[in-house]
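Observations on chain architecture
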Amino acid sequence: MVSVEDLYKHCDNLDKAKDKITEHEDQYLAILKAVNGGSSEKKLASQLIARFFKSFPNVAEQAINALLDLCEDDDVEIRKHAIRALPSLCKDNKDYVSRIADVLTQLFQTDDPQEMHLVQTSLLSVFKLDLKDALSGLFSQIMTGEDVIRDGAIKFLHKKILTLPEDLFSKDIEDLILSESKKVLQDVTGDEFVVFMKVLSNLKICGTVQGRQQLVDIIADQLDLDQTFSPQDTDSVDRLIQCGKQALPLFSKNVHSRKFVEYIIDQVLPLLHGIVSENENEDTQLEILKLFADMSTFIGEMDNLPDRLDKVYTRLLEYMPLPPADENGESDTSDQPKLQFSYVECLMYAFHQIGRRHQEFLIHEDNAERLKDFRLRLQYFARGSTAYCKQLKTALEGKTGEALKTDENKIKVAALKITTNINALIRDLFHNPPSYKSILTLSWKPLVRPSTVAAPIAQKRTSSTESGAGGKRSFREERAIYAPPSGKFSDKAGSFPAGAGGRGRGGFRGRGRGRGFNRGVRF
């Protein structure tokens, strides 16, 4: 066995040999044998193997295998010494970068926090030597590694890669990350999908119109738009919501949401009532309608526009009741239907956005009865909405600062934003002929100044009192309360659902093939 004293002797001899070091291969081989020794010998051997590695290319494979043996040692301290040594093997010969990156990635299976930190630090050192080859090693384990290794590699990609110096990320490197990610995304869990979208969204190439379009196409592939939507299948529902959330920030006047909107209109809206929330504190149907409304702003040119607009209109009517009447046909105030303001805001906004592209829908000569019926519904709903809006404004009058942050007042503020938006939309649609001029901020979104709101079709902007304000997915700090638009309708107010402000969702389930069925939270 080689002792610590022997190792120091071999080290001293190799240092003195200088230019003739290659003639002392036998002493380097003796150092390699020390990996079978005691704890002290193993720790010292790991350092010396790396120190003289470049001088003995003929036994490079033996040297690498010796360090790998130490990386598998039962003693965590010995493993740490070997892990620190691995990046040194690549400093003078970058041909080893991919392999060492692959090896270090496999070490993500450790349960020791300090060892994990050391693995990440060593891997970052390798990445700085040759980012392209190191990425190849990392992605190799993401594609083929065990679950725990795959998870660690994906987390590393998400949290650590983008901390590297910016000058390392050439276009070729970003193209590599994008192309390798596409391969991985063919079979991922929901959580993995979200992480990869965050990584890709941070790439410079994905900040361009072409890059954002690529990301939208990737998300559309994950959603599988050709697949029939099943409202009872929680996988389908969760996939729709998560894909929608990932795609939403990417849409603009140059990157359109048409495919997603068409899918929701054709596949989801007709089956909306069949969707059941798994959590009693969530309203999954409303969450989907919010995504639908948000996406409708940037649809571009839609196929079969009249038929699809009719589907939206039909669903909207279900939430806009006719005035109740008694046996004599007179208005009956004893049985008032519940007005679902949150649902109506979403569907009416989407109808308003899509309808401006086909304004003949309501005014065509063959649709006189439809317009008459719609006006009755608009008028009845406006009475409840305007009256409720006034009640809310009265209840919130004089309240500022901390007073607006109570749960009760947050709900009232959200309700006021919703009814304000609905009133503005009703005024447009009740106009003769119906108008599509109002530019609104949906109640759950941050307020956008009118000058920065991108209208899909050039229209004259309305006054700021017709725009709502709100917080994105959760209630923000208090915002200025907008006075509701004055209307000619006022009577009774409908009820307001407590959950109108909206809630976020967690991960979603399996993609329905391959890895998705075998990995915890599935895509």
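This text gives an overview of the structure that appears in the document.

Calculation criteria
Residues numbered from 1 in each chain as written. Predicted model: local features only at pLDDT ≥ 70, side-chain atom pairs only at ≥ 80, totals over all residues. Heavy atoms only, no water. Helix = DSSP H or I, 4+ residues; strand = E, 2+ residues; numbered from the N terminus. Contact = heavy atoms within 4.5 Å. Areas by Shrake-Rupley, 256 points an atom, 1.4 Å probe, with all protein chains shown as cover. Phe/Tyr/Trp six-rings, centres within 6.5 Å; stacked < 30°, edge-to-face > 60°. Buried < 20%, exposed > 50% of the residue type's maximum accessible area, 1.4 Å probe, protein only. Lys NZ or Arg CZ within 6 Å of the ring centre and 35° of its normal. Salt bridge = Lys/Arg side-chain N within 4 Å of Asp/Glu carboxyl O.

A few points about the overall build of the protein
Along the protein, the regular secondary structure elements total 21 helices and 0 strands. Residue pairs at least 24 apart in sequence account for 75% of intrachain contacts in the protein once pairs closer than 6 positions are excluded. Accessible surface, the protein: about 24600 Å² in total, of which carbon and sulfur atoms supply 46%.

Some details on the packing of aromatic side chains
Applying the stated criterion across every chain, the model contains 13 aromatic pairs. When the ring of Tyr28 is compared with that of Phe56, the centres are 4.6 Å apart and the planes differ by 10°; the resulting orientation is stacked. Of this pair, Tyr28 sits in helix H2 (residues 25-33) while Phe56 sits in the loop between helix H3 (39-51) and helix H4 (60-71), and the two are 28 residues apart along the sequence. An identical accessibility class is assigned to Tyr28 and Phe56; each is buried. In this structure an aromatic cluster arises from ring pairing among Tyr313, Phe351, Phe361 and Phe374. One residue, Arg370, lies across the ring of Phe361, its end atom 3.9 Å from the ring centre.

Digging into the pattern of salt bridges
This structure, assessed with the given rule, holds 22 salt bridges. A salt bridge links Arg258 to Glu262, with the nearest nitrogen and oxygen atoms 3.2 Å apart. With Arg258 and Glu262 both in helix H15 (residues 258-268) and 4 residues apart, this pair spans about one turn of that helix. What makes Arg258 partly exposed here is its relative accessible area of 25%. Bridged by salt links that share partners, the residues Arg258, Glu262, Asp266, Asp303, Arg308 and Lys311 form one connected network.

Digging into helix H7 (residues 97-106)
Counting buried positions along H7 yields 7 of 10 residues, so the element is predominantly enclosed. Taken together, the buried positions of H7 are Val97, Ile100, Ala101, Asp102, Val103, Leu104 and Thr105. Contacts made by the buried residues of H7 are with H4, helix H5 (76-85), helix H6 (88-91), helix H8 (113-129), helix H9 (131-144) and helix H10 (147-159).

Looking at unusual backbone geometry
Following Asn432, the chain continues to Pro433 via a peptide bond in cis, the omega torsion being -5°. Mapping Pro433 onto the fold places it in the segment after helix H21 (407-430). The backbone of Lys18 shows a phi angle near 50°, a positive value even though the residue is not glycine. Residue Lys18 is classed as exposed on the basis of its relative accessible area, which comes to 64%. Phi at Asn304 takes a positive value of approximately 50°, unusual for a residue other than glycine. By the secondary structure assignment, Asn304 is in the loop between helix H16 (284-295) and helix H17 (305-317). Overall, Asn304 belongs to the exposed group, its relative accessible area being 51%.

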